Amino acid sequence: MKGEGNLDFEGPRHQIMSSEILPAFSETSNVERKQDLNEDQEENQKPGLGEGFEPISKRQMKKIMKQKQWEEQRELRKQKRKEKRKRKQLERQCQLESNSEGSDRKRIRRDVVYSPLRLIIDCSFDSLMVLKDIKKLHKQIQRCYAENRRALHPVQFYLTSHGGQLKKNMDENDKGWVNWKDIHIKPEHYSEFIQKEDLVYLTSDSPNVLKELDESKAYVIGGLVDHNHHKGLTYKQASEHGIDHAQLPLGNFVKMNSRKVLAINHVFEIILEYLETRDWQEAFFTILPQRKGAVPTDKACESSSHDKKFTRVEGGLNSDSSEEENRNELDSPHKEEKQDKENSTESTVNSILH
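Residues numbered from 1 in each chain as written. Predicted model: local features only at pLDDT ≥ 70, side-chain atom pairs only at ≥ 80, totals over all residues. Heavy atoms only, no water.

(A) Expanded view of the overall build of the protein chain. Scanning the protein chain from terminus to terminus reveals 13 helices and 10 strands. Looking at the protein chain as a whole, 31% of its 354 residues are labelled buried. The contacts of the protein chain with a sequence gap of at least 6 include a subset with a gap of at least 24, amounting to 77%. (Helix = DSSP H or I, 4+ residues; strand = E, 2+ residues; numbered from the N terminus. Buried < 20%, exposed > 50% of the residue type's maximum accessible area, 1.4 Å probe, protein only. Contact = heavy atoms within 4.5 Å.)

What follows is the structure, encoded as structure tokens:
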């Protein structure tokens with residue numbers, strides 16, 4: 001019974017204490033919640049957007065700030081666009097001025113008159129060249145192709161005996177050659193599809209000198225870059241096969257301080273120039289590089305008459321050359337070849353780009 005009495009006594013007392021504590025606790029909780037709400041409202045209203053706006057999140061605030069920044073920079077963007085338009089307009093104007101020559105070429109291209117003359121590069125000497133010379137040959141062929149494409153009177157361009165190292169090098173370094181236009185690239189030898197009586201092999205060793213070009217003929221240029229290691233080879237082959245041969249009338253119009261051996265592309269370009277001007281001297285002096293030291297024969301004769309000790313006879317032709325130049329040629333046999341390579345490479349790249 002004592003235990004039950006204790007339970008009865010403690011029960012009401014516990015209820016009284018709980019009823020007194022609960023209202024105080026609920027009041028405290030309500031106050032804290034109100035404070036939290038007030039703080040949240042104050043925090044949301046910090047940007048000061050004014051009354052009547054709903055609270056915004058941080059993400060929305062970022063968007064608003066970005067929009068404001070974008071608006072502030074509007075004038076700056078307009079100014080930049082104006083400057084860009086002016087710059088582009090100036091660049092276009094400069095490009096039009098610099099390409100005036102190119103535009104002339106395009107206009108001329110519409111009035112092109114194709115020559116029936118066939119000009120062949122004989123590539124049957126592949127086995128006689130090292131890879132370095134094959135690459136030089138490839139660059140000279142590229143130059144010939146580019147010049148013929150923009151010539152006033154383009155020739156019927158043939159590349160014969162195409163294969164071996166040359167074809168491999170072209171496949172690896174110039175895959176676009178398969179799409180070349182206005183050129184006949186054949187693996188066969190030229191003698192297999194052109195009649196012998198139509199052929200004229202151009203070689204500096206020939207005793208015959210061309211006076212003019214017969215456009216019904218097919219002129220052959222030896223595709224050999226050998227630095228004089230196989231001197232007279234093309235002349236020998238032409239003679240053995242009973243093919244007519246001749247040399248350009250270089251000695252009749254030009255005196256040079258350097259070798260009379262011309263690069264393949266120089267011979268090709270001289271013929272193109274002659275077809276346009278019908279003047280050998282103009283063709284030579286338009287195409288020959290300045291490093292060759294070419295001067296007209298009449299001026300060369302006047303110069304040599306003042307100082308005969310600088311005259312020497314070579315192959316039946318007089319060629320002015322100083323003792324110092326002869327010594328340099330003997331001491332540095334590769335110097336001129338290196339210069340030829342650099343100039344040929346530079347001119348070829350510029351020609352292809354334009």
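(B) Seen up close, the sheet that holds strand E1 (residues 118-122). As summarised here, the arrangement of the 6 strands in space is E3-E2-E1-E5-E4-E6, forming an open sheet in which the pairing is parallel. On the outer flanks of this sheet lie strand E3 (183-185) and strand E6 (244-246), each paired with one strand and no other. For this sheet the average axis-to-axis angle between neighbouring strands, irrespective of direction, equals 25°. Where E1 lies against strand E5 (residues 218-222), 5 bridges are found, and the strand directions are parallel. Bridging across to E5, Arg118 finds its partner in Ala218. (Pairing = 2+ DSSP bridges. Axes fitted to C-alpha atoms, helices over the stretch in contact; angles between N-to-C directions.)

(C) Highlighting the environment of Asn228. By secondary structure assignment, the location of Asn228 is in the loop between E5 and helix H7 (233-240). With 33 residues separating them in the primary sequence, Asn228 and Val261 have C-alpha atoms 8.7 Å apart.

(D) Geometry of helix H6 (residues 164-173). Taken together, the buried positions of H6 are Leu166, Asn169 and Met170. Along the axis of H6, the buried positions cluster into a sector of 100°, meaning they face one direction only. In H6, the exposed residues that point more than 90 degrees away from the buried face are Gly164, Lys168 and Glu172. Packed against the buried residues of H6 are helix H5 (131-149). (Arc of directions from axis to C-beta.)

(E) Focus on the packing of H5 against H6. Look at H5 against H6: their axes get within 9 Å of each other, and the N-to-C directions meet at 65°. Classified by the angle between their axes, H5 and H6 sit roughly perpendicular to one another. The two elements H5 and H6 cross, and the hand of that crossing is right-handed. Here Leu131, Ile134, Lys135, Leu137, His138 and Ile141 of H5 lie close against H6, whose contacting residues are Gln165, Leu166, Asn169 and Met170. Taken together, the residues of the contact of H5 with H6 break down into 6 nonpolar, 3 polar and 1 charged. (Parallel < 35°, antiparallel > 145°, perpendicular 65-115°, else oblique. Left-handed = near helix turned anticlockwise from the far one by under 90°. Nonpolar A, V, L, I, M, F, W, Y, C, P; charged D, E, K, R; others polar.)

(F) Structural detail: the pairing of strand E2 (residues 156-160). Among the 5 residues of E2, 4 are classified as buried, and the element is accordingly described as predominantly covered. Traced from E1 through H5 to E2, the parallel crossover comes out right-handed. For the segment spanning E2, H6 and E3, crossover handedness is right-handed. (Right-handed = clockwise from strand over helix to strand, strands pointing away.)

(G) Here's a closer look at the nonpolar core. Leu213 and Ile270 are the most contacted members of the largest nonpolar core, which totals 57 residues. At the level of elements, E1, H5, E2, H6, strand E4 (199-202), E5, helix H9 (264-277) and helix H10 (280-287) are the ones that each hand at least two residues to this core. Considering each element in turn, this core owes the most residues, 8 residues, to H9. Discounting chain neighbours no more than four positions away, the residues touching Ile270 are Leu248, Leu262, Trp280, Ala283, Phe284, Ile287 and Leu288. (Core = buried A, V, L, I, M, F, W, Y, C linked by side-chain atoms within 4.5 Å.)

(H) Structural detail: a positive patch on the surface. Together, Lys58, Arg59, Lys62, Lys63 and Lys66 make up a positively charged patch on the protein surface. In this fold, Lys66 is placed in helix H2 (residues 58-72). (Patch = residues over 30% accessible without salt bridge, like charges linked within 9 Å, V, L, I, M, F, W, Y side chains within 5 Å. Areas by Shrake-Rupley, 256 points an atom, 1.4 Å probe, with all protein chains shown as cover. Salt bridge = Lys/Arg side-chain N within 4 Å of Asp/Glu carboxyl O. Lys, Arg positive; Asp, Glu negative; His and termini not counted. Charge placed at Lys NZ, Arg CZ, Asp CG, Glu CD.)

(I) Fine view of the packing of H9 against H10. The interhelical angle for the contact between H9 and H10, taken along N-to-C directions, is 135°, at an axis separation of 8 Å. Classified by the interaxial angle, the pair formed by H9 and H10 is oblique. The way H9 lies across H10 gives a crossing that is right-handed. Packed against H9, whose contacting residues are His266, Glu269, Ile270, Glu273, Tyr274 and Thr277, the element H10 presents Trp280, Glu282, Ala283, Phe284, Thr286 and Ile287 at the interface. Taken together, the residues of the contact of H9 with H10 break down into 6 nonpolar, 3 polar and 3 charged.

(J) Just the packing of aromatic side chains, in detail. Scanning the model with the defined rule gives 7 aromatic pairs in all. Seen in terms of ring centroids, Tyr190 and Tyr201 are 6.3 Å apart; in terms of plane orientation they differ by 65°. Their pairing is edge-to-face. Separated by 11 residues along the polypeptide, Tyr190 in the loop between E3 and E4 and Tyr201 in strand E4 bring together distant segments of the chain. Tyr201 matches Tyr190 in its accessibility class, with the two residues each being buried. Taking 5.8 Å as the distance between ring centres and 20° as the angle between the ring planes, the aromatic pair formed by Trp280 and Phe284 counts as stacked. (Phe/Tyr/Trp six-rings, centres within 6.5 Å; stacked < 30°, edge-to-face > 60°.)

(K) Highlighting the pattern of salt bridges. Scanning the model with the defined rule gives 8 salt bridges in all. Note that Arg143 is salt-bridged to Glu147, the shortest N-O span being 3.2 Å. Here Arg143 and its partner Glu147 are both found in helix H5, 4 residues apart, which amounts to about one turn of the helix. The class for Arg143 is buried, based on a relative accessible area of 13%.

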